[in-house]
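Understanding the architecture of this molecule
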Amino acid sequence: MSLPIVYITRKESFSACHRLHSKTLSDAENQEIFGKCNHINGHGHNYTVEVVLKGPVDPVTGMVMNLVVLKQHMKECIMDVMDHKNIDLDVPYFKDKVSTAENIAIFIWKQLEEKLSKGLLYEIKLHETDKNIVSYKGE
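Since the structure is predicted, the reported quantities are computational estimates derived from the model, not experimental observations.

A look at the environment of Lys-131
Positionally, Lys-131 belongs in the loop between strand S4 (121-127) and strand S5 (133-136). Exposure remark for Lys-131: the relative accessible area of 77% places this residue in the exposed category. Along the backbone, Lys-131 and Asp-90 are 41 residues apart, and their C-alpha atoms lie at a distance of 26 Å.

A closer look at the environment of Val-57
The topology assignment puts Val-57 in the loop between strand S2 (43-56) and helix H2 (67-82). Taking relative accessible area as the criterion, Val-57 reaches 19% and is therefore assigned buried. Along the backbone, Val-57 and Val-6 are 51 residues apart, and their C-alpha atoms lie at a distance of 6.6 Å. Contact partners of Val-57, with chain neighbours within four places excluded, come to Leu-3, Pro-4, Val-6, Gly-62, Met-63 and Val-64.

Considering the UniProt feature "active site" (unreviewed entry) in the chain
Under the UniProt annotation, "active site" (unreviewed entry) lies at Cys-37, His-84 and Glu-128. Here His-84 lies in the loop between H2 and strand S3 (85-86). If you trace the backbone, Glu-128 turns up in the loop between S4 and S5. Filtering out sequence-adjacent residues up to four positions away, Glu-128 remains in contact with His-18, His-45, Asn-46, Tyr-47 and Ala-101.

Structural notes on the pattern of salt bridges
Two side chains bearing opposite charge may form a pair once their charged atoms approach each other closely. On inspection of all chains with the given rule, the structure shows four salt bridges. For Arg-10, the salt bridge goes to Glu-12, with nearest N and O atoms at 2.6 Å. Relative accessible area serves as the criterion here: at 23%, Arg-10 is assigned to the partly exposed category. The partner of Asp-96 in a salt bridge is Lys-97, with the nearest N and O atoms 3.5 Å apart.

Conventions and cut-offs
Residues numbered from 1 in each chain as written. Predicted model: local features only at pLDDT ≥ 70, side-chain atom pairs only at ≥ 80, totals over all residues. Heavy atoms only, no water. Helix = DSSP H or I, 4+ residues; strand = E, 2+ residues; numbered from the N terminus. Buried < 20%, exposed > 50% of the residue type's maximum accessible area, 1.4 Å probe, protein only. Contact = heavy atoms within 4.5 Å. UniProt positions renumbered as here; feature names shortened; annotations may be inferred. Salt bridge = Lys/Arg side-chain N within 4 Å of Asp/Glu carboxyl O.

So, in structure tokens, the structure goes:
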């Protein structure tokens, strides 16, 4: 008899600033592509991140994963690294990557993937604004 598969989600919020700017493009090209998000002093967001796990329900604990443990992993991998930081200057991963919501979601996935059991991480959903949301499933 197989164990039931359940999806669980933990949500956190963090504030950070960034500038959409590619070092491989000219200033004019960056301005054309990124517009006001390319402002030399950057801009900030109040991000919300949802981490979705998928796995079997342990028959002893009744859990896919202890959410207290997931909360701690999210603190270490997301909050401690990006909350109240300049993503472009304070997070080495973005030294050569544009800090788009897409790339931030990929970064969060990579960070958490190192902490979680293989195959448990299902989706990262990053809300950059109320209207701009990206989803990444490790593909």
